[in-house]
Amino acid sequence: MRYGIFSDVHSNWDALEAVLRELRREKVDRLLCAGDLVGYGADPAACLGELRRQQVISVAGNHDWAAIGKLSADWFNPHARAAVEWTASQLAPNDRVYLEQLPLIWSDSEVTLAHGCLTEPERFHYVLDPGTAAAALSLQKTPLAFIGHTHVPVFFQAAEETTCLPAGKTGVEPGQKWLVNVGSVGQPRDGDSRAAYCLYDTVQRSVEIRRAAYPVEAAQKKIREAGLPEFLARRLEMGA
Ligand code: ZN
């Protein structure tokens, strides 16, 4: 089985399209999205439509909940809050229903999927250090779990002392447990403006973070035309 996993699309159609094109070429069997389908970018309807058409299995992120009023945007920064309000105004009733029914956690026998953390998933904690990762890994029943939320790809491996490894490619030995942050499709924040995604091959037993170049200017233009904060356009080219 080959999984294609990505996260934090954030209404960036141009980035999503590039990632889905590469994943189609990789002939993945199952597409997974770790949440934050909307927010920040200017194409919420197109992204939600495509994710549904491609039968992507998704969990809910904090921006998805905020856009439908399931989570207060009071604690969001002003740019994020402006995007939440604009996104809410763009959603059709069926988009709202789709976001409403997304689960917080999804799993099969091989993989667990959540947006922020397996610990209290409804509170969207950030996994930024080995200590938080160790708590999440202790709840994890599958060999692999995939998350997003920080927009920075990174690997955590469960061991007596949980270790944090730079995102790249790794083998997964039987009995090992890994927590993988797959980074962000639509708004990377690790200094690389290309869209991030992940491939997990259960036969080769390998996990790999990849990057897809996409027309950043096209996404920026739409953000500006929608009247969204200029900062949301500018940060895309910085990958920050
Ligand atoms: Zn996000």
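Residue positions are given per chain, counted from 1 along the sequence in the order it is written. Local features in this predicted model are restricted to residues whose pLDDT is 70 or higher, and side-chain atom pairs enter the listing and the counts only when it is 80 or higher, whereas totals over whole chains, interfaces and linings include all residues. Note that water and hydrogens are dropped before the side-chain values are worked out from all heavy atoms of the structure.

Note on conventions: DSSP H or I runs of at least 4 residues are helices, E runs of at least 2 residues are strands, and numbering of each starts at the N terminus. Mapping Asn12 onto the fold places it in the loop between β1 (2-6) and α1 (13-25). Here's how the labels work: a residue is buried when its accessible area is under 20% of the maximum for its type, exposed when over 50%, partly exposed in between, all with a 1.4 Å probe on protein chains only. Asn12 gets classed as buried once you look at its relative accessible area, which sits at 3%. Only 3.3 Å separates the side chain of Asn12 from the backbone nitrogen of Asp14, close enough to count as a polar contact. Among the polar contacts listed, one links the side chain of Asn12 to the backbone oxygen of Gly186, at a separation of 3.1 Å. Between two residues, a contact is recorded if the distance between any of their heavy atoms is within 4.5 Å. With sequence-adjacent residues up to four places away left out, Asn12 is seen in contact with Cys47, Gly186, Tyr214, Ala219 and Leu236. Each polar contact in these results corresponds to two N or O atoms within 3.5 Å; when the atoms are within protein, one needs to be able to donate a hydrogen and the other to accept it, and residues that are neighboring in sequence are counted only if both atoms are side-chain atoms.

Attention shifts here to the environment of Pro121. Residue placement: Pro121 occurs in the loop between β5 (111-114) and α6 (130-139). Between the alpha carbons of Pro121 and Val111 there is a distance of 16 Å; along the sequence they are 10 residues apart.

A word on the pairing of strand β8 (residues 163-166). At least two DSSP bridges between two strands are needed for those strands to be called paired. In the sheet, strand β7 (residues 154-157) pairs with β8 via four bridges, with the strands oriented antiparallel. Each bridged residue has a counterpart across the sheet, and for Val154 the counterpart in β8 is Pro166.

Strand-to-strand pairing in sheets goes through backbone hydrogen bonds, with the strands running parallel or antiparallel. Overall, mixed pairing links the six strands, which are arranged β4-β5-β6-β10-β7-β8 in an open sheet. Single-partner strands in this sheet number two, and they are β4 (105-107) and β8. Each neighbouring strand pair of the sheet contributes to a mean axis angle of 20°, computed without reference to strand direction. Relative to β5, β4 runs antiparallel, the two sharing three bridges. For Trp106, the partnering residue across the bridge sits in β5 and is Leu113. A fitted line through C-alpha atoms represents every axis, and for helices the fit uses only the stretch in contact; the resulting angles, taken between N-to-C directions, go from 0 to 180 degrees.

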